[in-house]
Protein chains: 2
Amino acid sequence: MRLSQFHLHTSKETPAEAEIVSHKLMLKAGMIRKLAAGLYTWSPLGLRVLRKVERAVREEMNAAGAIEVLMPSVQPKELWEETGRWEKFGGQLLKIQDRKEAWYCYGPTHEEVITDFARNELASYKQLPVNFFQIQTKFRDEIRPRFGVMRAREFLMKDAYSFHLSDQDLDREYRNMYDTYSRIFTRLGLKFRAVFADTGAIGGSASHEFHVLADSGEDAIAFSDGSDYAANVELAEAVAPHARGAAAEALRKIDTPTQKTCEDVAALMGIALARTVKSVAIVGADGEGKPQFVLALVRGDHAVNEIKLSKLAGLAEYRLATEAEILEHLGAQPGFLGPLKPVKTIRVIADRSVAAMHDFVVGANENGYHLAGVNWGRDLAEPDEIADIRNAVAGDPSPDGQGTLGIARGIEVGHVFQLGRKYAEAMKLTVLDETGKAATPAMGCYGIGVSRIVAAAIEQNHDDAGIAWPEAMAPWQAVVCMINPKNDAAVTEAAQALYRELLAAGVDAALDDRGLRPGAMFADMELIGVPHRVVVSERGLAAGSFEYRHRRASEAENLDRAAVLARIAG
Amino acid sequence: MRLSQFHLHTSKETPAEAEIVSHKLMLKAGMIRKLAAGLYTWSPLGLRVLRKVERAVREEMNAAGAIEVLMPSVQPKELWEETGRWEKFGGQLLKIQDRKEAWYCYGPTHEEVITDFARNELASYKQLPVNFFQIQTKFRDEIRPRFGVMRAREFLMKDAYSFHLSDQDLDREYRNMYDTYSRIFTRLGLKFRAVFADTGAIGGSASHEFHVLADSGEDAIAFSDGSDYAANVELAEAVAPHARGAAAEALRKIDTPTQKTCEDVAALMGIALARTVKSVAIVGADGEGKPQFVLALVRGDHAVNEIKLSKLAGLAEYRLATEAEILEHLGAQPGFLGPLKPVKTIRVIADRSVAAMHDFVVGANENGYHLAGVNWGRDLAEPDEIADIRNAVAGDPSPDGQGTLGIARGIEVGHVFQLGRKYAEAMKLTVLDETGKAATPAMGCYGIGVSRIVAAAIEQNHDDAGIAWPEAMAPWQAVVCMINPKNDAAVTEAAQALYRELLAAGVDAALDDRGLRPGAMFADMELIGVPHRVVVSERGLAAGSFEYRHRRASEAENLDRAAVLARIAG
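Residues numbered from 1 in each chain as written. Chains lettered and ligands numbered in written order. Predicted model: local features only at pLDDT ≥ 70, side-chain atom pairs only at ≥ 80, totals over all residues. Heavy atoms only, no water.

Going by the annotation in an unreviewed UniProt entry, the name recorded for chain A is Proline--tRNA ligase, with Lysobacter antibioticus given as the source organism. UniProt, in its Sequence similarities (unreviewed entry) section for chain A, records the words "Belongs to the class-II aminoacyl-tRNA synthetase family. ProS type 1 subfamily." Of the comments in the UniProt record for chain A, the one headed Subcellular location (unreviewed entry) reads "Cytoplasm". (UniProt positions renumbered as here; feature names shortened; annotations may be inferred.)

Next comes the structure, spelled out in structure tokens:
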């Protein structure tokens, strides 16, 4: 592409409306232009990137044996009533009335349409398994569209739906799609994780989210450095970091007149926060439904996970204890509490990590005092219950026994689900099985936010100068910048020759022949994130070299023609 | 593509709902599946064809210098109010209210959105000319959606919009797009015509429609066999077929007691209908606005064109004369009328062809009689007016002086317009010109009905067995049909080898390994219209040959491997 023939429109101003870096950079680079809330036009530059993502997704889906279809974006209400989602889907469903006053929606997803398609198309087990996909425009009427294409209302999505006679075959295809998604994000050059997910309201059995890792991600993810284990931090199982060690210290009382937090006590004593225990007083229900005073123990450096806690018996609707309840049960004020039970009816729940501690520090249940050198069994009874009640943290052993957990933030760009028979049953989809009997197929569904990937990739790959695309997503892999203020024919010829040579080598190259000053040209190319930049100038030609710089390199180098080609096309 | 891994779903039944052949065949071939009125899912088979059309359009648009963008399908009301089209567009505009009760529409076209994009993107004459295009889903809420994807509500369209500083530059790009459209339809292998069109309500100056020729087309087109002249029959200029010949017969009165039509008189006299003249009595207005009795004359074998007639002075609101008015002015009943003026105030308008006649037959203005051997000047005064007041017919000279007109029926699949400054002015789009002054750009717009082309191509290319695709649009160019009831390894290997060889030669080939009986397999391949069919069978292999048949050939041939490859990939 000769940029003089292209429409490039960068801006120096940082748009005030943009809250996140990808939105800012997409506007500054001129990749998108806002039409209305949550509605964006993709400029020629933005579309080049979007199409590269789309192509990678399509090719990998085809290679995985999925078959492409194209369903309408407008869907009749009647289908959504068959599954009960016309009412249940909520405000994100954009409802439309046509000129005959019939109701439709702008499809936010296509389970109903594909199941309707399948009940017309599929009659026999011989047609199974089959996995239909499409790459198509969706609409979700977000209550607060923001972050540019990251949470737009109209967006481009790849959605796939598979049909199977048996659950085992659904498992196989689910794994196939899981692997395909891994190939797609690897091919796009993105750091990502497949995260085990709660299936939540969607129903079905297994589910993984694919997250592009980025510091700005909305979700925190715990992942192993020794396996492909990954889970949302709040869902990741937290295991004890080690077995319980033997007692080495004597029990002693510490004067802590104003030290009411683990941090303060550890600081006073000059010990690691991990040697202290936090006692959280809550009230749940006993076996008969009566209020029960509970002490939940986590290590001083850990945080209680309310979801995990609420899954324990009697704690589904727990609340924090009042100061009066605490005084009544423990005889001390908050800040000095500990698991030495003054009252037998107290239920003590220790996190696994706490149960593995020795010589630890707890509140003395006496205002102004803590106890140190505390050991289970010796100084106090073993906990009533040992459970996973904390958030996983970096350094925890991976729950699958392989490696250690790290924590990263992620942006969800893909999702694979096992839907089971929910939609097939609701919409009466059956096929004849091998014995001639009607059987309800199991379904899987597999989504990728194609336009969202573009924004997520920027969140992961940028610096102060702009975007630093992975090569597979860049609008162009390489740009030849022509510096030719004197309009020297030799410079023009050399630049065009190098540009043509790159194209011939299969490189998606651009020639910046817009005649800008070098500074403005380089700033543009850094902002839009072209991976390889080669400068052709009179001075360089005189020295027989081109100035080459990779977008992520700190310095430019002078290379000859062959070396430039080897760097870019090699 | 191995068809055992594909989802092919043909049907033997002819769907009752389908009124036209393309709709029938697309349903029978399983290319589309109806979701709701005017909404269709494209099956894997149909999508293969649609994508081939889309790709041809995209590649030719890129080659022509247009730049691809992607605009939202949902558009805010405010933009449509700027051009006044929110109200004016009518019932085809699907209006949508979002959760915040703001109004939008599902875009039926994108003039407003692109002009809004342009007023943000374009600031200087240096950015012009530019032509933005997109290939995107549109919605028109047809009052009676029918004919499958031929007149669907949701459809795929390529729309392009160009911006120019001068009218001359718009003319240049208009011609560029005209040529590009010609290349697109030529590349797709379609017989088509670019038809001069009235710009009608859309505004602007020049306009051509591109029609795929098909007997079932809605529009009749007059086109030259000696130039690229083509026009809607009702708009095509009709010229006299020859100069006026010399009088050879004497004027005589013919007894025509019951012969009231040209057909009856010609039959009675045993002469060609083209030697008779039809006199149509109408009433228009004279220069002072008073009723004026007019006789419009066309040849007996021609038809009066009401649009042309109404463009003549005083005839904008003409009506047929009553029998009383006819009696008063001509003294005879309808059926026996002629241009010999009994009353001087009668205005006689002769079609150009009538003015060129000699020795012709007209009514005698006397009940029961006609006159034969009539000649202008000798037997009656020259016509008051000679004008083009008839429909062009096959055999007419082309109005551009090159060749002879034929008449064909066509399906509109493309349209190029010069919009002028209508939208730019309404939406206050300006750029700075060379002198630094704000200038309003001229615009062109260029549409192609991508999904409609698929149906139009079938209307043009089919027979009793099904679709006969032009090679560029076929779902596959060639299919290798494997007949292997004994599961003979040699047959399987030979079929797979030939299939791979075709792929390696760049042929988009399919291998029919579904294990169907030959009859069913061949019927499927003929129905879906694959151009080249090669049969690999045990018997053929024994004879060292493959059975080859082109979709349009009446007979199959036995060819060796090299000859098969030459036929298909050569």
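Let us keep going from here.
Student: Requested: an account of the interface of chain A and chain B, with residues and values cited.
Tutor: Each side of the interface is counted separately: chain A has 54 residues, and chain B has 54 residues. Here chain A packs against chain B, burying approximately 4600 Å² in sum over the two surfaces, 59% of which is carbon and sulfur. Taken together, chain A and chain B are joined by six salt bridges. Between Asp98 of chain B and Arg153 of chain A there is a salt bridge, with its nearest N and O atoms 2.8 Å apart. One can count 26 residue pairs in polar contact (both at pLDDT 80 or more) joining chain A with chain B. Of the residues belonging to the side of chain A that touches chain B, the class tally is 28 nonpolar, 12 polar and 14 charged. (Contact = heavy atoms within 4.5 Å. Buried area = accessible area lost by both parts, 1.4 Å probe. Salt bridge = Lys/Arg side-chain N within 4 Å of Asp/Glu carboxyl O. Polar contact = N/O pair within 3.5 Å; in protein donor to acceptor, adjacent residues only side chain to side chain. Nonpolar A, V, L, I, M, F, W, Y, C, P; charged D, E, K, R; others polar.)

Student: Can you tell me about the pattern of salt bridges, naming the residues and giving the values?
Tutor: Going through the model one piece at a time under the given rule, you end up with 98 salt bridges over all chains. Residues Arg549 of chain A and Glu526 of chain A are paired through a salt bridge, measuring 3.6 Å at the closest nitrogen-oxygen approach. Here Arg549 of chain A, found in strand S30 (residues 546-550), pairs with Glu526 of chain A, found in helix H14 (residues 518-528); they are 23 residues apart in sequence, far enough to count as distant. Put simply, Asp159 of chain B and Lys138 of chain B hold a salt bridge, and the shortest N to O gap is 3.1 Å. Placement of Asp159 of chain B in strand S8 (residues 154-164) and of Lys138 of chain B in strand S7 (residues 130-139) is noted, with a sequence separation of 21 residues between them. Residues participating in the shared-partner salt-bridge network are Arg51, Glu54, Arg58 and Glu68 of chain A together with Arg51, Glu54, Arg58 and Glu68 of chain B. (Helix = DSSP H or I, 4+ residues; strand = E, 2+ residues; numbered from the N terminus.)

Student: Before we move on, could you go through the pairing of strand S18 (residues 360-363) of chain A and cite the residues and values that matter?
Tutor: Residue and element names in this part refer to chain A. Alignment of S18 against strand S19 (residues 369-374), held across three bridges, turns out to be antiparallel. Across the sheet, residue Val362 finds its bridge partner in S19, namely Leu371. Counted along the chain from S18 to the antiparallel partner S19, the turn is five residues long, and its residue Asn365 has a positive phi close to 55°. (Pairing = 2+ DSSP bridges.)

Student: Now, about the relation of the copies chain A and chain B: what can you tell me, with residues and values included?
Tutor: Superposing chain A onto chain B requires a rotation of 180° together with a translation of 0.0 Å along the rotation axis, leaving an RMSD of 0.2 Å. When the rotation and shift are considered jointly, the pair of chain copies conforms to a two-fold rotation axis. Using C-alpha coordinates, one finds that chain A approaches the rotation axis most closely at Ile96 of chain A, a distance of 2.8 Å. When you check the interface residues of chain A against chain B, 100% turn up at the interface there too, and the contact is symmetric in its surfaces. (Least-squares fit on C-alpha atoms with pLDDT ≥ 70 in both.)

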